[in-house]
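Structural overview
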Amino acid sequence: MTNKDIAKVFKLCSQLMELYNENPFRTKAMASASFRIDKLPFSASQSDLDTLSEQPNIGKSTAEKIMQVVNSGTFPELEKLVAKTPEGILEMLKIKGLGPKKIQVIWNDLEIESVGELYYACNENRLIEAKGFGLKTQEDIKKAIEFSIANQGWFLFAKVMPSALTVIQHFEKELALAPISFTGDYRRKSEVLQHVELLIAADATAVQQAVKALDNEFDINAENHKITFKDENGIPFEVIITDEKSYAQQLLISTGSSEHIQQLRAIGEIQALGSEQEIYASLGLEYIEPELRESGKVIELAKANKLPKLIRYEDLKGSLHNHSTYSDGVHSLKDMALYCKEELGLEYLGICDHSKTAVYANGLSVERLEQQWLEIDELNKKLAPFKIFKGIESDILSDGSLDYSDEILAKFDFVVASIHSNLKMDQDKATERIIKAIENPYTTILGHPTGRLLLSRAGYPLDFKKVIDACSANKVVIEINANPLRLDLDWRWHQYALEKGVLLSINPDAHRKEGFLDMEYGVYVGRKGGLSKEECLNAFDLSQIENYFNQKKN
């Protein structure tokens, strides 16, 4: 179990304690434990009771519960609470915007005990008269339920990747020299997907035996030459069986989106040739990388030999938008810098701790900013030529202003402007708010533009063209937030931004050392959007990015 998995168990306990009006001090302590566990700088599941007990604000009692969760997934106090709570009420706790207090009203006053009943009640406007509710709250709950229903059976790419690599390595071992490849959504690096597809050119019986060796339940569809199964993590897989002669043809057909394959067939026959490169060439097209095989202008670009040379992970020279213990990060500024320099071989780090408005994230007062700047100056002397840039993630307030004075903003090397509060504005107001922040002369990068959380929160509505046009006019970079839950800016808007001359930046939004590795997912999304290294800010080397920041400030 990860620390986040363990923290979720403690959070559920605190929610149920609040639901049943238990001692508020103990309830708050349980919620605090959840937060502390998530921020531990090591894996709790690999630790021991004594080490956990020594951690600040953990203590022996919480450490014992952590060990129980690691071993059984729960602990006695939580078990008792769950046992007396209807399944539907537990499901409601997963709905965004529904806390224990509101669920108390839904359960006790309205006598609703399932998400289905709640959705029906929203359609009948039954919530608007309940205490603490209203029409807007009712509509928000209805939308949250609809969003949850729509996303059932979907998985984050990052979530399935470890399972996918384990499975393909198994097949490569079991089937020796047989051609094997990922295909479908996984090969196109889609940010969310319903299953992982593989194409194998081998004898059907041999493939069945290889699947059987995984020791998972599976289903064989002989007519379609497919085998489906779920691994021990519940990730669905689909294995497509073909012969070697048809392998390249079937790989191309099964990889592309339906729109992409239709566009190809409108040009000519997709022949069974020796490689995908040969097939594209037979259609008069430059080879199209798997990530680009969606709809859009890619066919036109391939005809004209104008496809971009897509960015690669090794093209990244630094990491921008990261947090340290100065705000809500797990590791110190020095630890984050050394990890970038020594483990990742990067040339620079942009530190962007939270600004003063983000009280919930230990946002930086002016006095603490000056303390951080002094430490950065000292570290830069010791770590040169590696450099730490003085950045900030400045909150975009409701009126579009940033939350420091111009005098303070001018002292940063760069500024990431992001929205973290008041996420429920309509499209016009949200767009106006962001454009005002973009027009601030000190804004360097627009952070996670929509605030979305994949499979959880849709994000605030925006007029993307207006926002991108404003970034173009004001020379503001747009972030591709590489956190697997965000991947925001969505790749479907990358081409429009690039056509407008807007630079993108693959930022991990790292809150711990391991978070830097999320840049890999940001690269995948950048490739889907047609991003090249020349158009990516943190693919600039140290001298280039120093010049860029200086020109922006001047």
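Residues numbered from 1 in each chain as written. Predicted model: local features only at pLDDT ≥ 70, side-chain atom pairs only at ≥ 80, totals over all residues. Heavy atoms only, no water.

The name recorded for the protein chain in an unreviewed UniProt entry is DNA polymerase/3'-5' exonuclease PolX, from Sphingobacterium cellulitidis.

**Comments concerning the overall build of the protein chain**
A count of helices and strands for the protein chain gives 24 helices and 14 strands. Whereas a compact globule of 554 residues would reach a radius of gyration of roughly 24 Å, the protein chain reaches 26 Å, a difference of no more than 12%. With respect to the three principal axes, the spread of C-alpha positions in the protein chain is 70 × 65 × 55 Å. Counting only residues that meet the buried cut, the protein chain has 52% of its 554 residues in that class. Of the contacts formed within the protein chain by residues at least 6 apart in sequence, a portion of 68% connects residues at least 24 apart. Put simply, the protein chain shows about 25,900 Å² of open surface, and 48% of that area lies on carbon and sulfur atoms. (Helix = DSSP H or I, 4+ residues; strand = E, 2+ residues; numbered from the N terminus. Rg over C-alpha atoms; globule rule 2.2 N^0.38 Å. Buried < 20%, exposed > 50% of the residue type's maximum accessible area, 1.4 Å probe, protein only. Contact = heavy atoms within 4.5 Å. Areas by Shrake-Rupley, 256 points an atom, 1.4 Å probe, with all protein chains shown as cover.)

**Focus: the UniProt feature "domain: Polymerase/histidinol phosphatase N-terminal" (unreviewed entry) in the protein chain**
Taking the UniProt record as the reference, the feature "domain: Polymerase/histidinol phosphatase N-terminal" (unreviewed entry) is found at residues 318-398. A helix fraction of 36% and a strand fraction of 22% characterise residues 318-398, whose end C-alpha atoms lie 31 Å from each other. (UniProt positions renumbered as here; feature names shortened; annotations may be inferred.)

**Description of the pattern of salt bridges**
What the rule picks out here adds up to 24 salt bridges. Of the charged contacts, one joins Asp 469 and Lys 500 as a salt bridge, the two residues approaching to 3.9 Å between their closest N and O atoms. In this pair, Asp 469 is assigned in helix α21 (residues 464-474) and Lys 500 in the loop between α22 (494-499) and β14 (504-507), connecting sequence segments 31 residues apart. A relative accessible area of 32% places Asp 469 in the partly exposed class. Judged by its relative accessible area of 38%, Lys 500 falls in the partly exposed class. A single salt-bridge network, built from bridges that share partners, covers Asp 185, Arg 188, Glu 294 and Lys 528. (Salt bridge = Lys/Arg side-chain N within 4 Å of Asp/Glu carboxyl O.)

**Overview of the sheet that holds strand β7 (residues 236-242)**
Taken in spatial order, the five strands of this open sheet run β2-β4-β7-β6-β5, and their pairing is mixed. Because the sheet does not close on itself, it has two edges, and the strands there are β2 (180-183) and β5 (218-221). Shown here is a sheet whose adjacent strand axes are inclined to one another by a mean of 20°, direction ignored. Where β2 and strand β4 (residues 196-201) come together, four bridges link them in antiparallel fashion. Each bridged residue has a counterpart across the sheet, and for Thr 183 the counterpart in β4 is Glu 197. Relative to the sheet, helix α10 (residues 157-174) contacts β2, β4, β6 (226-230) and β7, its axis offset from that of β2 by approximately 155°. Contacts from helix α13 (residues 247-255) reach β2, β4 and β7 within the one sheet, and its direction differs from that of β2 by about 20°. (Pairing = 2+ DSSP bridges. Axes fitted to C-alpha atoms, helices over the stretch in contact; angles between N-to-C directions.)

**Regarding the UniProt feature "domain: DNA-directed DNA polymerase X" (unreviewed entry) in the protein chain**
Here, the residues flagged by UniProt with the feature "domain: DNA-directed DNA polymerase X" (unreviewed entry) are residues 1-294. Secondary structure across residues 1-294 divides into 53% helix and 10% strand, with the first and last C-alpha atoms of the span separated by 35 Å.

**Quick look at the sheet that holds strand β10 (residues 387-395)**
Across the sheet, seven strands lie side by side as β8-β9-β10-β11-β12-β13-β14; this open sheet has parallel pairing. Only two strands of the sheet have a single partner each, and these edge strands are β8 (318-322) and β14. Bridge count between strand β12 (residues 445-446) and strand β13 (residues 477-481): two bridges; the pairing is parallel. Across the sheet, residue Ile 445 finds its bridge partner in β13, namely Val 477. Helix-sheet contacts for helix α17 (residues 333-343) involve β8, β9 (348-351) and β10, and the interaxial angle to β9 is about 150°. In the packing of helix α24 (residues 542-553) onto the sheet, the strands contacted are β8, β9, β10, β11 (414-418) and β13, and the crossing angle to β10 comes to about 45°.

**A few points about helix α20 (residues 427-439)**
The first and last C-alpha atoms of α20 sit 18 Å apart over 13 residues, in line with the 18 Å expected at 1.5 Å per residue. Regarding α20, the residues found buried are Ala 430, Thr 431, Arg 433, Ile 434, Ile 435, Ala 437 and Ile 438. Residues of α20 that are buried make contact with β12 and α21. A distance of 3.3 Å separates the backbone nitrogen of Asp 428 from a side-chain oxygen at the start of α20, and that oxygen is part of Asp 426. (Expected span 1.5 Å × (residues − 1). Polar contact = N/O pair within 3.5 Å; in protein donor to acceptor, adjacent residues only side chain to side chain.)

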